Amino acid sequence: MGTLVKIPNFLTNHELELFTHYTKIRHRNNLKFFDPKSSTKDTRLYADSLTDSLMISKKSSIEKTLGKQLYCSYSELKVHTLGAEYEYHERSPACEYTVIGLIDMVGKPWPLYLRGQKFDLEPSHALLFDDYKEHFYRKEFEGDYYFEYNLHYVDAKGANKFYLKDKKETYGVVGDY
């Protein structure tokens with residue numbers, strides 16, 4: 001098995017407050033961007049400018065943890081609501097290294113199941129894991145909302161390095177998914 005690291009306080013208090021307000025505003029005004037993999041078709045913002053900025057700013061920290069040079073691939077900002085489930089799904093080679101972090105939630109903890117283990121995240125904490133072939137899932141969410149981000153990276157010297165910027169010209173550009 002590969003990398004699996006829980007990272008406490010991945011977001012600073014200032015970043016956490018910023019992302020909490022930003023996510024609430026984006027979710028309330030969302031009329032177009034919904035997660036086709038979510039059972040409740042909740043908000044999913046692919047390549048959102050603020051989340052891409054977070055991905056870029058946290059890259060050196062992730063590189064230090066992994067001991068290797070990475071390229072930023074893409075980011076997602078997600079809002080899950082009551083009844084959401086996250087079933088096993090195929091992941092892209094653009095997700096060679098993934099950081100999933102909790103921004104804010106109202107309701108019971110919503111654990112992520114990965115490699116036979118259960119992970120509960122707290123606001124500002126994150127989980128780093130590798131292997132895009134890895135499958136994870138979540139059971140039904142029992143709460144009002146769950147705000148999370150996903151930051152995806154690839155090995156700068158690896159077979160998936162051409163997923164730099166998820167094959168887009170620049171960051172912060174919303175594309176089809």
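The rules we used
- Residues numbered from 1 in each chain as written.
- Predicted model: local features only at pLDDT ≥ 70, side-chain atom pairs only at ≥ 80, totals over all residues.
- Heavy atoms only, no water.
- Phe/Tyr/Trp six-rings, centres within 6.5 Å; stacked < 30°, edge-to-face > 60°.
- Helix = DSSP H or I, 4+ residues; strand = E, 2+ residues; numbered from the N terminus.
- Buried < 20%, exposed > 50% of the residue type's maximum accessible area, 1.4 Å probe, protein only.
- Lys NZ or Arg CZ within 6 Å of the ring centre and 35° of its normal.
- Contact = heavy atoms within 4.5 Å.
- Pairing = 2+ DSSP bridges.

Undergrad: Please clarify how the packing of aromatic side chains should be interpreted in this entry.
TA: Considering all chains together, one arrives at 10 aromatic pairs under this definition. Arranged with centres 5.3 Å apart and planes meeting at 45°, the rings of tyrosine 46 and tyrosine 74 form a pair that is tilted. On the criterion of sequence distance, the pair formed by tyrosine 46 in strand β2 (residues 44-46) and tyrosine 74 in strand β3 (residues 70-81) is long-range, its members being 28 residues apart. By relative accessible area, tyrosine 46 is classed as buried at 6%. By relative accessible area, which is 9% here, tyrosine 74 ends up buried. Here a set of aromatic residues connected by ring pairs shows up, and it is made of Tyr86, Phe129 and Phe136. Positioned over the ring face of phenylalanine 10 is lysine 58, at 5.0 Å from the centre of the ring. Lying over the aromatic face of tyrosine 163, lysine 167 brings its terminal NZ or CZ to 4.6 Å of the ring centre.

Undergrad: Can you help me understand the side chain of threonine 23 in this one?
TA: You can see threonine 23 is positioned in helix α1 (residues 13-28). Those residues in contact with threonine 23, other than ones at most four positions away along the chain, are Leu77, Val79, Ile103 and Phe147.

Undergrad: Hey, could you run me through the pairing of strand β9 (residues 143-155) in this one?
TA: Regular strands have side chains that alternate between both faces of the sheet. Buried residues dominate β9, accounting for 12 of its 13 residues. In terms of strand pairing, β3 meets β9 through 11 bridges, oriented antiparallel. Opposite valine 79, over in β9, you have phenylalanine 147 as the bridge partner.

Undergrad: I'm lost on the environment of valine 106 in this one. Help?
TA: With respect to the helices and strands, the residue valine 106 is situated in strand β4 (residues 97-107). Remark: the alpha-carbon pair of valine 106 and aspartate 52, spanning 54 residues in sequence, is separated by 25 Å. For valine 106, the residues in contact, after removing those within four places along its chain, are Phe141, Gly143, Asp144 and Tyr145.

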